[in-house]
Protein chains: 2
Amino acid sequence: MTKNIHDFLTPPARGLQTDGPNMSIVLSSRVRLARNFEEFPFPEHASEAQREAVLEKALETVQSVPQMAGSFSCAMSDLDGLDKNILMERHLISREHAAKSSGSGLVVGKGEHLCVLINEEDHLRMQALCPGLQLMAAWKAVDELDTALESKAKYAFDSKLGYLTACATNLGTGIRVSAMLHLPGMALRDSISQTIQAVGKLGLAVRGLYGEGSEALGNIFQISNQRTLGETEREIIEKLNKVLAQIIEQEKNARALLLEKKPKSLCNQIGRAYGILSNAYTIASKEALNLLSLIRLGIDLEFFPESYRTTVDELFVLTQPAHLRRNYNEKLTPEERDAIRADMLRERLQNLERPVPKLPKEIDSSRERPGQTD
Amino acid sequence: MTKNIHDFLTPPARGLQTDGPNMSIVLSSRVRLARNFEEFPFPEHASEAQREAVLEKALETVQSVPQMAGSFSCAMSDLDGLDKNILMERHLISREHAAKSSGSGLVVGKGEHLCVLINEEDHLRMQALCPGLQLMAAWKAVDELDTALESKAKYAFDSKLGYLTACATNLGTGIRVSAMLHLPGMALRDSISQTIQAVGKLGLAVRGLYGEGSEALGNIFQISNQRTLGETEREIIEKLNKVLAQIIEQEKNARALLLEKKPKSLCNQIGRAYGILSNAYTIASKEALNLLSLIRLGIDLEFFPESYRTTVDELFVLTQPAHLRRNYNEKLTPEERDAIRADMLRERLQNLERPVPKLPKEIDSSRERPGQTD
């Protein structure tokens, strides 16, 4: 077992890797299951001793299954605030779980593909995270883990209701299926709020980069199911897949329309984003994420070479506050962080070949340009 | 005589050349004299025939003196709107003179050092323009021209009042002495309005880049005398020189304070200005001037190599609307102009060596930077 969570995690975080299907729009796919041991009360109703017992049993059980070989385990009380923020920035733990200490714990699988939270709202919250659009693959991975765990421990289960959970919204399958989407095209066309409304009407939830109640920094949105009861896991996933296919289509249309109708303005926004990121000496996290989003769009549109993608996706993770503090100095003030962030962005982006933008044809032919007379 | 004003003028305009004394703060020095022929009424009170007679006489006289050998002459009616705007952008004619047509004229000396406006507010408005801070040199040049002209024509002169002028504000010496100052340090420290007030109390006027009532685009300010009566030309120039010396000192202090107190923020503003100018695909004239001003400050502070200066100073001139239209296409719409301007800025700035900013020591030592752990 690795002693230090820092040594265990390696950039880029799986949640922002880019080698998956539909990766230009879907950053990652995630399936999470909520489970509880039959013999213990739900965490909120458990005594400290009971919570400790759940933690001990869960750690033992999770570590024993082959899916979690080579994993990292710890109690939340072993982590400091910075550790927790890093895990949040990597989408491995929820904000709620970060607030827990004694009696709660964590097991992260090798490569951050699988992760189990112990004594969050439920005894077990297990998730599988895959790059790109592959909800079924994520479901298969977490289902296998779940089956392996169920062979070793008895879950709270009702033959009519299904899996019992602390909150009724998770009752039944206990499943939450979500995808992290990068939607700069719709954001630039101001058509994102319509989509959010439409998605909401289908019983799905739309959230920002850091989950519930968070802003859509970097034009990144999470879409997930709300209902867990009365449908099978497969139906829930297929339903989300259908909606995602539509959103991917809408985003592609938005990008095509921007290229067709406002190519100059699009190039301008992307070019300025690159100019600022590669030349600023201080930059806040929010601005950095929003500008990196435009660079990522620029790569998708072949405005920048494909070789930029890895760097840009790593910068999405590494420029976040906790990651910066970890990599430089835990005691950085916000001002120092903004300066270090700018230093990192300048260095990384200026190390890349200077971009020679390949403009789409529409842009060059959209205006006359007579020869220079001078 | 050159047929076309376009062929006569060459970039960069003298008013923005940079090889003069104190050139980092004083862009140019100018002395202008107002004179009228004794035998004609002032332009406003003259008949068209009288104005034509003045124009003919003035052209003949001005062309005949050795100081104006190789000059370009024309009637204002020979110039179209674009010509006039270019002359304004080069600070060779006033906005008032640009509005004139038949009966008014212009003689521009070789190299744009000397210029005589005919039938503006007075029969003759002659100016000498020198790069950097050299009011005395400008005065000497225009005084020689004036003496040469006075040997060939009789001026309206009163032994008590001095030279008679159409407007009482020019009576006496008929002199206007002005300097064009680049004050980004004071602008960034928000201390410019105090200086403007103080200068106003001394009986001097402060104007923007394009003269009376214009904005201080690019942090460029014109300071000039208001009084022309009761003091000799030399006294007026010495007084302005004293005030300019103080403003230069204040600007130097402002820059030093910025470097000392807010080095990061200063680098950040200059770096971002460079990033935007060298990567935007559309940019308005005003934004371009304001960002070029920061690049110029960056050169003065050795943030950028000295080799940038010529390019940046040329861009100050060439990115202005009339110059762009002249160099590309007279029929450019404002949107097309903003795109062409951005193209020019990108091409010119990206042709320069990529800057490796030499940061002042204070900046690097202002924060701790422990080694990267990752």
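Remember, predicted model here, so these are calculated numbers, not experimental data. Throughout this description, residue numbers start from 1 for each chain and increase along the sequence as written. As a convention, the first chain written is A and the first ligand written is 1, with the rest following in written order. Given that the model is predicted, a residue must reach a pLDDT of at least 70 before its local features are reported, and side-chain atom pairs must reach 80 or more before they are shown or counted; all residues, however, enter totals for whole chains, interfaces and linings. Side-chain calculation: all heavy atoms of the structure are included, whereas hydrogens and water are not.

Asker: Tell me about the overall build of chain A, and name the residues and values.
Answerer: Secondary structure follows DSSP: runs of H or I at least 4 residues long count as helices, runs of E at least 2 residues long count as strands, and numbering of each begins at the N terminus. From N to C terminus, chain A includes 14 helices and 10 strands. Each residue is placed in one exposure class: buried if its accessible area under a 1.4 Å probe, protein chains only, is under 20% of its type's maximum, exposed if it is over 50%, and partly exposed if it falls in between. Counting all 374 residues of chain A, 58% fall into the buried class. At a minimum sequence separation of 6, the contacts of chain A that also span at least 24 residues come to 71%. Using a 1.4 Å probe, accessible areas were evaluated by the Shrake-Rupley method; residue-level cover was limited to the displayed protein chains. Working note: accessible area of chain A is about 15400 Å², and carbon and sulfur atoms make up 49% of it. We call two residues in contact whenever any of their non-hydrogen atoms come within 4.5 Å of each other.

Asker: An account of the packing of helix α10 (residues 285-300) of chain A against helix α11 (residues 308-318) of chain A is needed here, citing residue identities and associated values.
Answerer: Residues and elements named next belong to chain A. Axis angles are defined between N-to-C directions and span 0 to 180 degrees, where every axis is a line fitted to C-alpha atoms and, for a helix, only to the segment in contact. It is at 10 Å that the axes of α10 and α11 come closest, and there the two elements cross at 160°. In terms of orientation, α10 lies roughly antiparallel with respect to α11. α11 is crossed by α10, and the crossing has left-handed handedness. Contact with α10, carried on its side by L289, L292, S293, I295, R296, I299 and D300, involves Y308, R309, V312, D313, L315 and F316 of α11 and no other residues of that element. In this classification, the charged set is Asp, Glu, Lys and Arg, the nonpolar set is Ala, Val, Leu, Ile, Met, Phe, Trp, Tyr, Cys and Pro, and all remaining amino acids, among them Gly, are polar. Per-class residue counts for the contact of α10 with α11 are 8 nonpolar, 1 polar and 4 charged. Relative orientations are named as follows: roughly parallel for angles under 35 degrees, roughly antiparallel for angles over 145 degrees, roughly perpendicular for angles from 65 to 115 degrees, and oblique for any other angle. Handedness of each helix crossing follows the sense of rotation of the near helix against the far helix: counterclockwise by less than a right angle gives left-handed, clockwise gives right-handed.

Asker: Describe a negative patch on the surface, with residues and values.
Answerer: What goes into a patch is any residue over 30% in relative accessible area without a salt bridge, connected to like charges within 9 Å or, for nonpolar side chains (Val, Leu, Ile, Met, Phe, Trp, Tyr), within 5 Å. The salt bridge definition used is simple: a Lys or Arg side-chain nitrogen within 4 Å of an Asp or Glu carboxyl oxygen. Charge counting treats Lys and Arg as positive and Asp and Glu as negative, with His and both chain ends excluded. In plain terms, the charge of a residue is placed at NZ if it is Lys, CZ if Arg, CG if Asp and CD if Glu. A contiguous patch of negative charge on the surface is contributed by E48(A), E52(A), E56(A) and E60(A). One can find E60(A) in helix α2 (residues 48-64).

Asker: Mind laying out the pattern of salt bridges, listing which residues take part and the relevant values?
Answerer: Under the definition given, this model contains 32 salt bridges over all chains. The salt bridge involving E287(B) is made with R272(A); its shortest N-O contact spans 2.9 Å. Of this pair, E287(B) sits in helix α10 (residues 285-300) while R272(A) sits in helix α9 (residues 263-277), which puts the two residues in different chains. Residue R272(A) is classed as buried on the basis of its relative accessible area of 16%. The residue R296(B) makes a salt bridge to D313(B) at a minimum N-O spacing of 2.9 Å. With R296(B) in helix α10 and D313(B) in helix α11 (residues 308-318), the pair connects residues that are 17 residues apart, well separated along the chain. By the burial criterion, R296(B) is buried, and D313(B) matches it.

Asker: Can you explain the sheet that holds strand β3 (residues 105-108) of chain B? Please cite residues and give values.
Answerer: As a general point, the strands of a sheet are linked pairwise by backbone hydrogen bonds and lie either parallel or antiparallel. All names here are of chain B. Here, a strand pair is defined by DSSP locating no fewer than two bridges between the strands. Reading across from one edge, β2-β3-β4-β5-β1-β8-β10-β9 is the order of the 8 strands in this open sheet, with antiparallel pairing throughout. In this open sheet, the two strands that pair with only one neighbour each are β2 (72-75) and β9 (204-207). Between one strand and the next, the sheet's axes are offset by a mean angle of 15°, whatever the strand orientation. Strands in contact with helix α7 (residues 192-201) are β9 and β10 (220-225); relative to β9, the strand with the most contacts, it is inclined by about 145°.

Asker: Could you give an account of the confidence of the model for chain A, naming the residues involved and the relevant values?
Answerer: For residues with low pLDDT, the predicted coordinates do not support detailed interpretation. Residues and elements named next belong to chain A. The predictor attaches a confidence to each residue, and that confidence, scored 0 to 100, is pLDDT. This prediction gives chain A a mean pLDDT of 88; 89% of its residues lie at or above 70. Of the regions scoring below 50 in pLDDT, residues 362-374 engages in 26 contacts with residues more than four places distant in sequence or in other chains. With a pTM of 0.86, the predicted complex shows an ipTM of 0.84.

Asker: Which residues make up the side chain of D343(A), and what values go with them?
Answerer: Residues and elements named next belong to chain A. Relative to the helices and strands, D343 resides in helix α13 (residues 334-351). With relative accessibility at 2%, the residue D343 sits in the buried group. Whenever two N or O atoms come within 3.5 Å, that pair is a polar contact, provided that in protein one can donate a hydrogen and the other can accept it, and provided that, for residues adjacent in sequence, both atoms are side-chain atoms. Side chain to side chain, D343 and R346 meet in a polar contact 3.2 Å long.

Asker: Account for the packing of aromatic side chains, with residues named and values stated.
Answerer: To describe a pair of aromatic rings, you give the distance between the ring centres and the angle between the ring planes. Stacked, tilted and edge-to-face are the three classes applied to pairs of Phe, Tyr and Trp rings, where Trp contributes its six-membered ring and a pair requires centres within 6.5 Å; stacked means planes under 30 degrees apart, edge-to-face means over 60, and tilted covers the rest. The tally for this structure, following the rule as stated, stands at 14 aromatic pairs over all chains. Seen from their ring centres, F304(A) and Y308(A) are 5.4 Å apart, and the 15° between their planes marks the pair as stacked. Counting every residue linked through ring pairs, the aromatic cluster contains Y274(A), F303(A), F304(A), Y308(A) and Y281(B). The ring of Y163(A) has R35(A) sitting right over it, with the charged end atom 3.6 Å from the ring centre. A ring is considered to have a charge above it if a Lys NZ or an Arg CZ atom is located within 6 Å of its centre and within 35 degrees of its normal.

Asker: Describe the environment of L27(A), naming the residues involved and giving the relevant values.
Answerer: Note that L27(A) resides in strand β1 (residues 26-35). In this structure the C-alpha to C-alpha distance between L27(A) and A46(A), which are 19 residues apart in sequence, comes to 37 Å.

Asker: An account of the environment of S71(B) is needed here, citing residue identities and associated values.
Answerer: Residues and elements named next belong to chain B. The topology assignment puts S71 in the loop between α2 (48-64) and β2. Sequence-wise, S71 and N268 are 197 residues apart; in three dimensions their C-alpha atoms are separated by 45 Å. A polar atom in the side chain of S71 sits 2.8 Å from the backbone oxygen of M68.

Asker: Which residues make up the side chain of K84(B), and what values go with them?
Answerer: Residues and elements named next belong to chain B. By secondary structure assignment, the location of K84 is in helix α3 (residues 81-89). This buried residue, K84, is left without a salt bridge; D80 holds the nearest opposite charge, at 8.2 Å. Ignoring any residue separated from it by four or fewer positions in sequence, one finds K84 in contact with M76, L79, I93, A98 and K100.

Asker: Run through the sheet that holds strand β8 (residues 175-182) of chain A, naming residues and quoting values.
Answerer: All names here are of chain A. Read from one edge of the open sheet, 8 strands run β2-β3-β4-β5-β1-β8-β10-β9, paired in antiparallel fashion. One side of each edge strand has no neighbouring strand; the edge strands of this open sheet are β2 (72-75) and β9 (204-207). In this sheet, neighbouring strand axes are inclined to one another by 15° on average, regardless of whether the strands run parallel or antiparallel. Bridge count for β8 against strand β10 (residues 220-225) is 5 bridges, and the pairing is antiparallel. Bridging across to β10, A179 finds its partner in I223.

Asker: Break down the pairing of β10(B) for me, citing the residues and quoting the values.
Answerer: Residues and elements named next belong to chain B. The buried fraction of β10 amounts to 6 of the 6 residues, a majority that puts the element mostly inside the structure. Judged by which residues are buried, β10 turns out to be covered on both faces: I220, Q222 and S224 on one side and F221, I223 and N225 on the other are all buried. For β9 and β10, the ladder comprises 4 bridges, and the chain directions are antiparallel. Note that in β10 the partner of A205 across the bridge is S224.

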